[in-house]
Amino acid sequence: MRRLNFLFLSLLFSTMPLTANYQFIGDVQQYRQILQGLHITCQDGHGIEIEFLQADMFRVTLKHANGEEAPLHYAVIDRKWPPVSLTIKEERTCIRAITDRIELRIQKNPCRLSVLDKSRRLINQDDPGMGMGWDGNEVRCWKAITADEKFFGLGEKTGDVNKRGRQYTMWNSDVPGYGNESDPIYQSIPFFIGLRDGQAYGIYFNNSYRSVFNMGAGNLRYYSFAADGGVLDYYFIYGPQISRVVETYSDLTGHMPMPPEWALGYQQCRWSYYPDSEVLTLAQTFRNKKIPADVIHLDIHYMDSYRVFTWDKDRFPDPKGMLQTLQDMGFKVVVIIDPGVKKDDAYWVAQQGLAGGHFVKYPDGEVYIGQVWPGDSYFPDFSRSQTRGWWGSLFNGLLDDGIDGFWCDMNEPACWGQAFPLETIWDDDGLNSSHKKMHNLYGLLMSRSTREGVQQLRHDERPFIITRAGSAGIQRYSAVWTGDNVASEDHLELGIRLLQGLGLSGVSFTGTDVGGFIGTPTPELFARWMQVGALSPFFRTHSQHGTSDQEPWSFGEYIEELNRRTIEWRYRLLPYLYSLVWQSHQTGAPVIRPLFYHDQEDEATFYHEFQHQFFVGEKVLAAPVTRIGQYLKKVYLPAGKWLDLNDDKIYQGAQTVLVEAPLNRLPLFLRQGGILVGREAMQYVGEKPGADLTVDVFPGQGTFMLYEDDGASMAYLQGNYRTTLFELSGDTGRWVLSKSHTHDGYEIEDRTLTVHWHGIETEPSGVTLDGTKLIPGNDTYRYDEGKNLVVIKYTDRGRRQEIVMQ
């Protein structure tokens, strides 16, 4: 009898749904069409609201019967989306929402979502048994996973570029010396790209609470995203190209503004350069050694006992005079800004902050006091509009002194003990929310307050802001560096992966601390890291207090010479890199792009062993050496022909090749049809206005848009810039390079263009410039048989010009 009872109970419980405290969304009861979408009511009064923003992007918001807090409003930009042609069809088992790009199918019993392309191939679907729901205050969405599904993005996350098989937490954290398994670290960007059966899609989870993304970790059934509170509110984006997903996500959360051009120059930092004589000696050493540099950073020791917006008068008795001297030498200066305001009754920032109600408080109204560098400190509530305005006004003194940029640090927010109280209450633009919601937004809102304040004080100048912490949308306000890394080979590789993840998450202007912040690199590691830094949008060396010197000349004469050449090469590349930054500003396309970004149909581009190769733009492929003592490099080249920019050797793609990589060489390749625009190296940006340009081309089919402006003002927003389209066409036997100005809002004087045609194995029978035949052997046209190189030099006269070679 006991055995029968046991069997009966076992059978009973094996067939009962085991929901614990989960409340899954149930059957569809009814629906109604709304503008650009539909509202679905399910069992127990819960519902889902679906809104199409584009034919390939829609928003899903889970509605609790008892109501919920308002969806997050900080990340998604406020814009009017054009109408979408949407057809709603109800069938017996489902409701179909159809655009000219995708079909969203809503299963009725129970309510589950699936997305299909126009040929009805499945792109994405809810887990059949769970879908969406709640566990108390927690909200969660489960998605069915396939065996080959890959995941990318999630912002600044450790691990491989492909995030499949790991679980990640979004909770901005100060983690000095983080490792490959560390999570979370400084940034929380709840956006990822999925790739299923060769088709890419993206999901942005619009929720700032502590959240967890299980990307198939520990199971083969689903991936999921969940948050401790707030609303289940997400945006689905269809590609099918990865590049299209990234650009659409950037349309949603905003594009980066154009930085000042000097921000792409080399930047030198350590914790800390002081007193003023050391800073001036540093600057003079760069100039004496003819090593290009644009920026010197001042870390926390420039302040008076870490009081933000002050100077230590003993170390820097005449900051204006020092900054003017540096400006005369061609240097810009960036200072660190921490959010912690020293608790000091005699300190003017603390006085103003208390009087204006600008600091974070406990629920009973008491001002929160935490400990950071100044000791007991107050923390501004950047979620309050009045506080953002007040904070922005505080930069006036430093700007008047001559400071050029601001480096937002410790803004996770960090405090000693790593436990900013969850009970604190934030204004949240009048919503009065807890730290549970606002924590991940602190870096974003500090960067916003800083940028808006500096812009208000200097209307026509481009602000330069760099931040450690941030969240979705941070690209609108600030560049990002990857925090307190370590001087090791592993961290050089990890940094390359972090930059790719950030770029896939809408954040393009990024970089690592070259050489590693913690510890001292070997001379060889430092030289290799410099090579990677020279291709990163943000190129800065930084090192910890108490470590050995880490300037370009700190590792002996040979490494100094290598670093000089690397930095000079960076400056020659600036026209190309500045144009890529403009592409990011226009479209959201990252500067640093994974190997698979333009070749997602090639499975080899996803291989683990090649994840440290990356594109710089569309057709320049870098394969940096990341291991000490490695002087041969195995490189995977996707389909097509490739030019080795080091020795002009040509390789056929869709295969791996082994190339020589001595310490003075970064393996770098130009894809057929590639166009690489450069100029003479300078000691700093703007040293030689109107410099001549070089154009390296590998004949094939391709285009490149060169962007130019004054590099400093906001006039580009009014159309004061020039774009020049270079276009390669033709085939073997006849190649054409045309140049035309597609926008001519910025005047540039006549200059010389020197075009290097690579891979020309026999001397051309004839070359014409605008229909006029060129005579070989003079300054205008020559053929170098040893290098298979044709060199053509002519004057850029600001109109359409065409070279024909046959």
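Our subject is the structure listed above.
Basis of the calculations
- Residues numbered from 1 in each chain as written.
- Predicted model: local features only at pLDDT ≥ 70, side-chain atom pairs only at ≥ 80, totals over all residues.
- Heavy atoms only, no water.
- Helix = DSSP H or I, 4+ residues; strand = E, 2+ residues; numbered from the N terminus.
- Rg over C-alpha atoms; globule rule 2.2 N^0.38 Å.
- Buried < 20%, exposed > 50% of the residue type's maximum accessible area, 1.4 Å probe, protein only.
- Contact = heavy atoms within 4.5 Å.
- Areas by Shrake-Rupley, 256 points an atom, 1.4 Å probe, with all protein chains shown as cover.
- Lys, Arg positive; Asp, Glu negative; His and termini not counted.
- Charge placed at Lys NZ, Arg CZ, Asp CG, Glu CD.
- Polar contact = N/O pair within 3.5 Å; in protein donor to acceptor, adjacent residues only side chain to side chain.
- Core = buried A, V, L, I, M, F, W, Y, C linked by side-chain atoms within 4.5 Å.
- Phe/Tyr/Trp six-rings, centres within 6.5 Å; stacked < 30°, edge-to-face > 60°.
- Lys NZ or Arg CZ within 6 Å of the ring centre and 35° of its normal.
- Pairing = 2+ DSSP bridges.
- Axes fitted to C-alpha atoms, helices over the stretch in contact; angles between N-to-C directions.

J.: An account of the overall build of the protein chain is needed here, citing residue identities and associated values.
T.: Along the backbone of the protein chain there are 13 helices and 54 strands. Here the C-alpha radius of gyration of the protein chain, 28 Å, is about what a compact globule of 806 residues would show, namely 28 Å. Along the three orthogonal principal directions, the C-alpha set of the protein chain runs to about 100 × 70 × 55 Å. Counting only residues that meet the buried cut, the protein chain has 62% of its 806 residues in that class. Counting contacts in the protein chain only where the partners sit at least 6 residues apart, residues at least 24 apart contribute 68% of the total. Carbon and sulfur atoms make up 47% of the accessible area of the protein chain, which amounts to about 29,900 Å² in all. For the protein chain, the separation between the mean place of its 79 positive charges and that of its 101 negative charges on side chains is 5 Å.

J.: Run through the side chain of S383, naming residues and quoting values.
T.: Counting through the fold element by element, S383 comes out in the loop between β26 (375-378) and α6 (385-393). Judged by relative accessible area, S383 falls into the buried class, the value being 1%. One polar contact links the side chain of S383 to the main-chain amide nitrogen of D428, over a distance of 2.8 Å. In contact with S383, not counting residues within four places along its chain, are Y74, R388, W426, D427, D428, D429, M438 and L445.

J.: So what's going on with the nonpolar core? Which residues, and what values?
T.: Grouped together as the largest cluster of nonpolar side chains are 178 residues, with contacts concentrated most on Y204, Y302, I337, W391, F406, V616 and W757. Counting residues per element, this core draws most heavily on helix α13 (residues 574-587), which supplies 7 residues. Not counting residues up to four positions away in its chain, the partners in contact with I337 are Y302, V308, F309, W391, F395, L398, F406, W407, C408, D409 and M446. Ranked by size, the runner-up nonpolar core spans 47 residues in total, among them V28, I40, Y234 and F236.

J.: For the packing of aromatic side chains, give the residues involved together with the corresponding values.
T.: Taken as a whole and assessed by the stated rule, the structure comprises 61 aromatic pairs. Taking the ring centre of W171 as reference, the NZ or CZ of R210 above it sits at 4.2 Å. Sitting over the ring of W481, R540 keeps its end group 5.0 Å from the ring centre.

J.: Hey, could you go over the sheet that holds strand β2 (residues 28-34) for me, with residue numbers and the actual values?
T.: Strand order in the open sheet formed by 8 strands is β2-β3-β4-β5-β20-β17-β16-β13, and the pairing between neighbours is antiparallel. Lying at the two open borders of the sheet, with one neighbouring strand each, are β2 and β13 (150-153). If you compare each strand with its neighbour and ignore which way they point, the axes differ by 20° on average. Of the pairings in the sheet, the one linking strand β4 (residues 47-54) to strand β5 (residues 57-63) comprises 7 bridges and is antiparallel in character. Paired with E49 across the bridge in β5 is T61. Docked against the sheet, helix α2 (residues 242-253) engages β4, β5, β16 (191-196), β17 (199-205) and β20 (233-238), running at close to 25° with respect to β17.

Geometry only, nothing functional implied.
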